[in-house]
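Next come the chains, spelled out residue by residue.
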Amino acid sequence: MPPAHPFDDDKLKEECGIFGVVGVTDAANFVALGLHALQHRGQEAGGIVSHHPDHGFNSARRFGYVRDNFTSQKLMETLPGELAIGHVRYSTAGSKGQTQIRDVQPFFGEFSMGGAAIAHNGNITNAIALRKELIERGSIFQSSSDSECIIHLMARSLQRNIPERMEDALRRVEGAFSVVAMTRTKLIGVRDPLGVRPLVLGKIGDGWALSSETCALDIIGAEYVREIDPGEMVVITAEHGVESIRPFRPQKSRFCIFEHVYFSRPDSIIGDRSVYETRRQIGVELARETPVDADLVCPVPDSGTPAAIGYAHESGIPYGMGIIRNQYMGRTFIEPTEQIRNMGVRLKLNVNRALIKGKRVVLVDDSVVRGTTSRKIKEMILDAGAAEVHFRIASPPTAWPCFYGVDTPQREKLLAATMSEDEMRDHLGVDSLKFISLDGLYRAVGEASGRDAKSPQYCDACFSGEYPVKPSDMVEKGFQMKAAE
């Protein structure tokens, strides 16, 4: 399946979003709404599993957007019950770009004490080794997804009930995982000991919800209660509410800092901080660190907008919508000829010529990955008559791939892995190019003294090359870790 938009291959992709509810009538409808709010985390496919005491487990898995599939009354009637979980997918592990329906989550397994379904956000960094071991012991895999390992490990566990089997399975797993799972009566949520990927708890009437982000709680009218702690498992029933278990040895949290920069929706809350406000503050830090004489600050929509507002406010340079986004550009656009395909970015973005002409323009974007989009946008701005183009990037240079649930190009395809900042500026053909520093980014997310180099407060491996969990599968394949300094 092609990227959602003609130029989105130059953005980092989140793997997926997860959502679950228990104790509400027609739970699957609530899950469909929650997944709709999490669509930005994965547009390739989605799935919902529900349970009803009379009808047992039911599931539906579909390619494409939530709105195109899970708004059908006929389909939703096949998912009855007061307990359901769901998943939206962007493939990182498995058959990337050629997803089979069997790779679409949630995954379901029938155990001796009843069935269970599981939806996973993140990446298991020892999945190849686990899969090899499980297959040698007789497991038969249905998908190419690393997440299926969890179901097989649960099946082989000797523990008495499904939550204990899940604990047992997840102790074998390395990497990053936020998991939402369900049995016939229980909704289960777990975060890995480092808390790399997000998971939050909400209350809806007499029921409960688990979600990747708070914005999905808002859409169903749920009250945000708290984040699930790193290394915490919650087992939730309609009768007894939330039981908290700590199955892992406590470790210092290493939440993904890029959730603040790009992945999460700006109307979500992370760690009691508004994502929008954090991104605006990134722009403020960026203006302090990288001032420039210019006439106009323009965001690259939509992800650069809050940072551009912060940059304009701090620098005193007027803010303007120099680039307008076509809101109706979807993945179904027909690309019949090479000529149409070469229009690329113009199908999605158009320059506000009257505003741009003759101006020295600061373009604020969230990241530079391959640089292909940045070049095209720069050309559009110059074609519209801009006098100068200055790029300001609301994250440090992305120089290392992520192995914890984000689709990152191979290291040699990352512009910052092979070029200095000056070389990148010349490659993009702009008057200046500056990134926020790692310390500046940490200040923007609330760490007043910046990054603790000895014990970083976040996972920032994509910028620093310092991986909190060794990506053992990739190292086995020949990936070269950064040498210890």
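## Some remarks on the sheet that holds strand 22 (residues 388-393)
Okay, so step 1: Reading across the sheet, the four strands line up as 18-21-22-24 and stay open at both edges, with parallel pairing between neighbours. Strand pairing shows two members of the sheet lacking a second neighbour, strand 18 (296-299) and strand 24 (432-435), which therefore form its edges. Shown here is a sheet whose adjacent strand axes are inclined to one another by a mean of 20°, direction ignored.
Okay, so step 2: Where strand 22 lies against strand 24, four bridges are found, and the strand directions are parallel. Each bridged residue has a counterpart across the sheet, and for I393 the counterpart in strand 24 is F435.

## With respect to the pairing of strand 21 (residues 360-365)
Okay, so step 1: Among the six residues that make up strand 21, five are buried, leaving the element largely enclosed by the rest of the structure.
Okay, so step 2: The sheet contact formed by strand 18 and strand 21 spans four bridges and is parallel. Pairing of P299 across the sheet is with V364, part of strand 21.
Okay, so step 3: One ladder, built from six bridges, connects strand 21 with strand 22; its direction is parallel.

## Quick notes on the sheet that holds strand 13 (residues 233-237)
Okay, so step 1: Ordered in space as 6-7-8-9-13-14, the six strands form an open sheet in which the pairing is antiparallel. Pairing within the sheet leaves two strands with one partner each, and these edge strands are strand 6 (107-111) and strand 14 (241-245). Geometrically, the sheet is characterised by an average inter-axis angle of 20° between neighbouring strands, direction not taken into account.
Okay, so step 2: Where strand 8 (residues 175-182) lies against strand 9 (residues 187-191), five bridges are found, and the strand directions are antiparallel. If you follow M182 over to strand 9, its bridge partner there is L187.

## Describing the packing of aromatic side chains
Okay, so step 1: Scanning the model with the defined rule gives 12 aromatic pairs in all.
Okay, so step 2: Both rings, one in F57 and one in F108, keep their centres 4.8 Å apart while their planes meet at 55°; by these two values the pair is tilted. Note that F57 is positioned in strand 4 (residues 56-63) and F108 in strand 6, a separation of 51 residues in sequence.
Okay, so step 3: The exposure class assigned to F108 is partly exposed, which follows from its relative accessible area of 39%.
Okay, so step 4: Ring centres of Y467 and F479 lie 6.0 Å apart, and the angle between their planes is 85°; on these two criteria the pair is classed as edge-to-face. With Y467 in the loop between helix 17 (461-464) and helix 18 (472-476) and F479 in the segment after helix 18, this pair connects stretches of sequence that are 12 residues apart.
Okay, so step 5: For Y467, a relative accessible area of 11% gives the class buried.
Okay, so step 6: With a relative accessible area of 16%, F479 lands in the buried category.
Okay, so step 7: Among the aromatic residues, those joined into a ring-pair cluster are W400, F403, Y404, Y467 and F479.

## Observations regarding the nonpolar core
Okay, so step 1: Ranked by internal contacts, the top residues of the largest apolar core, which has 70 residues, are V297, Y311, I356, L363, I381, Y404 and L433.
Okay, so step 2: Discounting residues that sit within four places of it in the chain, L363 has contacts with C298, I323, I377, I381, V389, H390, F391 and R392.

## Quick notes on the packing of helix 9 (residues 275-289) against helix 10 (residues 305-315)
Okay, so step 1: Put simply, helix 9 and helix 10 touch, their axes get as near as 6 Å, and they point 45° apart. In terms of their interaxial angle, helix 9 and helix 10 are classed as oblique. The handedness of the crossing between helix 9 and helix 10 comes out as right-handed. Within the contact between the two elements, helix 9 uses Y276, R279, R280, G283, V284, L286, A287 and R288 and helix 10 uses P306, A307, I309, G310, Y311, H313, E314 and S315.

## Comments concerning unusual backbone geometry
Okay, so step 1: Between Q105 and the following residue, P106, the backbone shows a cis peptide bond with an omega angle of 0°.
Okay, so step 2: Summarising the element assignment, P106 is placed in the loop between strand 5 (83-89) and strand 6.
Okay, so step 3: Positive phi outside glycine occurs at D26, with the angle close to 55°.
Okay, so step 4: Following the sequence through the fold, D26 ends up in the loop between strand 2 (16-22) and helix 1 (27-37).

How each quantity is defined
Residues numbered from 1 in each chain as written. Predicted model: local features only at pLDDT ≥ 70, side-chain atom pairs only at ≥ 80, totals over all residues. Heavy atoms only, no water. Pairing = 2+ DSSP bridges. Helix = DSSP H or I, 4+ residues; strand = E, 2+ residues; numbered from the N terminus. Axes fitted to C-alpha atoms, helices over the stretch in contact; angles between N-to-C directions. Buried < 20%, exposed > 50% of the residue type's maximum accessible area, 1.4 Å probe, protein only. Phe/Tyr/Trp six-rings, centres within 6.5 Å; stacked < 30°, edge-to-face > 60°. Core = buried A, V, L, I, M, F, W, Y, C linked by side-chain atoms within 4.5 Å. Contact = heavy atoms within 4.5 Å. Parallel < 35°, antiparallel > 145°, perpendicular 65-115°, else oblique. Left-handed = near helix turned anticlockwise from the far one by under 90°.

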